[in-house]
Amino acid sequence: MTHTPVSGGVCAPQGFLAAGIHCGIRKNKSKRDLALIVSERPAATAAVYTRNKVQGAPIAVTRRHLADGFSRAVLCNSGNANTCNADGEYIAQTCCALTAQALGVQPEDIVIASTGVIGQPLPLEPFENGIPAAVAALSRDGGADAAEAVMTTDTRPKSHALSFDVNGVHCRIGIITKGSGMINPNMATMLTFITTDIAISPELLQRALSETVNNTLNQINIDGDTSTNDMAVIQANGMAGNPEIRDENSPAYAAFCAALHAACVWASREIAADGEGATKLLECTVRSARSSEVARAVAKSIISSDLLKAAMFGEDANWGRVLCAIGYTEGDFAADKVSLVLASEHGSVKVCEQSAYHPFSEDEAAKILSAKEIAINVEMHDGEACAQAWGCDLSYDYVKINGDYRS
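Residues numbered from 1 in each chain as written. Predicted model: local features only at pLDDT ≥ 70, side-chain atom pairs only at ≥ 80, totals over all residues. Heavy atoms only, no water.

### Focus: the sheet that holds strand S13 (residues 347-353)
Rules: Should DSSP find at least two bridges between two strands, the strands are regarded as paired. Working definition: helices are DSSP H or I runs of at least four residues, strands are E runs of at least two. Numbering for both runs from the N terminus.
As summarised here, the arrangement of the seven strands in space is S9-S16-S11-S15-S12-S13-S14, forming an open sheet in which the pairing is mixed. Only two strands of the sheet have a single partner each, and these edge strands are strand S9 (220-221) and strand S14 (356-357). With seven bridges joining them, strand S11 (residues 281-289) and strand S16 (residues 385-392) adopt antiparallel strand pairing. From the neighbouring strand, Thr285 faces S16, where its bridge partner is Gln388.

Here's what the structure looks like:
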């Protein structure tokens, strides 16, 4: 399946506008803190949410608004999570009403999200002034500004888009995402917003998103913490003009899922690479596992190991930590025939065979691990399933960043 990168981010698909402005939620006026994404026509919309039992008020409001499977706009603020606030739902609902009024749509047409510090009051005033300004700033070139506006501790905005064909019809998918810390989604990631101009039923859109998330965004781990505000949302407005996809067994559905998977793999890698204090991206690929569930669990267990993450920071090929992480993974599988190869742009080295030491050069391994991107390739020799997961190393700076997060 051919996917061609294109410019524009969430504005790359036909019929989407976006904006990102500073409205006053953040004290730093140089940082954008309010993002708006708008579809020119009603869009089939699907979402997945955090599994944390403590959830931000925007999630409750968005769940209700997406009951009919459609939306027109996504509003997201950074700098304040609007979580554990007594008036949180009132604030979220009022923001939706203000956005709807400015756009000439219904409040139920608005998806709302927030990210930032938990448990701090969120005043309405920044939104009362900022929402009209964001609507006025909407443009086909606003995707980059929107990507900046959703950032918290991210070191860079994360925006991407791809083109692909469905039954000869040219379609596009765009994505912006944010996440750097408090990342162990069990859902999606901190916040991910996806747009596409493909025509697809809301039911199949939800299925595609949920299945794709399980194999991509759910497979990230930065620090083992699951946010209260995790949300991934996709809008599909049908403006590409393809016949609406209604059959899950059709080539058109498979083509769309492949493009969505590619976009979410890109997002997963970007988030992992930008983990708080990270110096290395870790990509773990597990092959020949007993089942897809086992493959996913093993891959995520490996990249979640703090001991392994610390070893990768120290450029130490401590392969025993990989075997240890495999061993405590839940599930019914054999772990006595595992082989392990560490690889990077500097080469590759096998360090384990049949779940035992395989002779290797420590100097060669250290050179391989000195790269910015490390591949951890595991063969289970226990079946035919495969999966991937993404993480980062654990550096001194992670503690430094989170020691003064609120200041």
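### Description of the domain arrangement of the protein chain
Interface size is often expressed as the accessible area that is lost when the parts come together. Heads up, the condition is: In this document the domain limits rely on a domain assignment from an automatic tool or a database. A contact between two residues is defined here by any heavy atoms of the two lying within 4.5 Å. Buried area is a sum: the accessible area each of two parts loses on coming together, probed at 1.4 Å, counted once for each and added. Salt-bridge detection follows one rule: a side-chain nitrogen of Lys or Arg within 4 Å of a carboxyl oxygen of Asp or Glu. Contacts described as polar in this section are N or O atom pairs within 3.5 Å, which, within protein, must combine one atom able to donate a hydrogen with one able to accept it, while residues neighboring in sequence count only if both atoms come from side chains. Three categories are distinguished: nonpolar for Ala, Val, Leu, Ile, Met, Phe, Trp, Tyr, Cys and Pro, charged for Asp, Glu, Lys and Arg, and polar for the others, with Gly belonging to the last.
Along its sequence, the protein chain is carved into domain 1 (3-274) and domain 2 (281-404). In this structure, domain 1 and domain 2 have C-alpha centres spaced 31 Å apart. The interface is formed by 17 residues belonging to domain 1 together with 15 residues belonging to domain 2. For the pair domain 1 and domain 2, the summed buried surface comes to about 1400 Å²; carbon and sulfur atoms form 50% of the total. Among the residues domain 1 hides against domain 2, the three largest losses belong to Gln219, Asn221 and Arg269. Together they make up 47% of the total. Linking domain 1 to domain 2 there are two salt bridges. One salt bridge connects Arg269 with Glu373, and the closest N-O pair in it is separated by 2.8 Å. Viewed at the interface, domain 2 and domain 1 are joined by nine residue pairs in polar contact (both at pLDDT 80 or more). Sorting the residues of the side of domain 1 that touches domain 2 by element identifies helix H5 (202-215), S9 and helix H6 (251-273) as the ones contributing at least two each. With five residues, H6 is the largest single contributor of residues to the side of domain 1 that touches domain 2. A per-class count over the side of domain 1 that touches domain 2 returns six nonpolar, nine polar and two charged.

### Considerations on the state of the cysteines
Test applied: To count as a disulfide, a pair of cysteine sulfur atoms needs to be within 2.5 Å.
Applying the stated criterion to the full structure yields zero disulfides. We note that Cys96 lacks a disulfide partner, and the nearest cysteine sulfur, in Cys95, lies 7.1 Å from it.

### A few points about the packing of aromatic side chains
So the rule is basically this: Two rings from Phe, Tyr or Trp (for Trp, the six-membered ring) form a pair when their centres sit within 6.5 Å of each other. Planes less than 30 degrees apart are called stacked, planes more than 60 degrees apart edge-to-face, and all others tilted.
Counting across every chain of the model gives three aromatic pairs. When the ring of Phe313 is compared with that of Tyr396, the centres are 5.2 Å apart and the planes differ by 85 degrees; the resulting orientation is edge-to-face. A residue pair is termed long-range when its members are at least 10 positions apart, and Phe313 in helix H8 (residues 306-313) and Tyr396 in helix H11 (residues 396-403) qualify at 83 residues. Taking the centre distance of 5.8 Å and the plane angle of 50 degrees together, the rings of Tyr357 and Phe360 count as tilted. An aromatic cluster is built from Trp319, Tyr357 and Phe360, whose rings are joined through pairwise contacts.

### Things to note about the nonpolar core
Let me state the cut-off plainly: To define a nonpolar core, start from buried Ala, Val, Leu, Ile, Met, Phe, Trp, Tyr and Cys residues and group those joined through side-chain atoms within 4.5 Å. Three exposure classes are used, based on accessible area relative to the maximum for each residue type with a 1.4 Å probe and protein chains only: buried under 20%, partly exposed in between, and exposed over 50%.
Grouped together as the largest cluster of nonpolar side chains are 43 residues, with contacts concentrated most on Ile173, Ile198, Ile200, Ile245 and Phe256. Among the secondary structure elements, those contributing two or more residues to this core are strand S3 (34-49), strand S6 (158-166), strand S7 (169-178), H5, strand S10 (231-236), H6 and S16. Here this core takes 14 residues from H6, the largest share from any one element. Looking at this core, you find at least three residues from each of domain 1 (3-274) and domain 2 (281-404). The residues contacting Ile198, other than those within four sequence positions of it, are Phe164, Val166, Cys171, Ala236, Asn237, Gly238, Ala240, Asn242, Ile245 and Phe256.

### Focus on the packing of H5 against H6
How we decide: Axis angles are defined between N-to-C directions and span 0 to 180 degrees, where every axis is a line fitted to C-alpha atoms and, for a helix, only to the segment in contact. Throughout, the term roughly parallel applies to angles under 35 degrees, roughly antiparallel to angles over 145, roughly perpendicular to angles from 65 to 115, and oblique to all others. Note: crossing handedness is left-handed where the near helix turns anticlockwise from the far helix by less than a right angle, and right-handed where it turns clockwise.
It is the contact of H5 with H6, at a shortest axis distance of 10 Å, that shows an interaxial angle of 40 degrees. Taken together, the axes of H5 and H6 are oblique relative to one another. Crossing angle aside, the handedness with which H5 passes H6 is right-handed. Only Tyr253, Phe256, Cys257, Leu260, His261 and Cys264 of H6 make contact with H5, whose side of the interface consists of Leu204, Leu205, Arg207, Ala208, Leu209, Glu211 and Thr212. Across the contact of H5 with H6, the residue classes break down as nine nonpolar, two polar and two charged.

### So, the environment of Ala18
Residue position: Ala18 is located in strand S2 (residues 16-21). Taking relative accessible area as the criterion, Ala18 reaches 0% and is therefore assigned buried. C-alpha of Ala18 to C-alpha of Gly143: the two residues are 125 residues apart in sequence and 5.4 Å apart in space. What Ala18 contacts, discounting residues up to four positions off in sequence, is Val10, Cys11, Leu36, Ile37, Ala137, Leu138, Ser139, Gly142, Gly143 and Ala146.

### Quick notes on helix H7 (residues 292-304)
This is how the line gets drawn: Any helix carries an expected span of 1.5 Å times its number of residues minus one.
Taking 1.5 Å of rise per residue, 13 residues should cover 18 Å, and H7 covers 18 Å from first to last C-alpha, within 8% of that figure. Looking only at H7, the buried set comprises Val294, Ala295, Arg296, Val298, Ala299, Lys300, Ser301, Ile302 and Ile303.

### Quick look at the pattern of salt bridges
Note on pairing: side chains with opposite charge can pair once their charged atoms come close. Throughout the structure, instances matching the rule amount to 16 salt bridges. Of the charged contacts in the structure, one is a salt bridge between Arg32 and Glu148, with a shortest N-O distance of 3.1 Å. A residue pair is termed long-range when its members are at least 10 positions apart, and Arg32 in the loop between S2 and S3 and Glu148 in helix H4 (residues 143-149) qualify at 116 residues. The class of Glu148 is partly exposed, set by a relative accessible area of 34%. The partner of Glu211 in a salt bridge is Arg207, with the nearest N and O atoms 3.0 Å apart. Separated by four residues within a single helix, Glu211 and Arg207 lie in helix H5, roughly one turn from each other. Residue Glu211 is classed as partly exposed on the basis of its relative accessible area, which comes to 38%. Given a relative accessible area of 35%, Arg207 falls into the partly exposed group. Sharing partners across several salt bridges, the network here consists of Asp154, Arg156, Lys158, Glu270 and Asp274.

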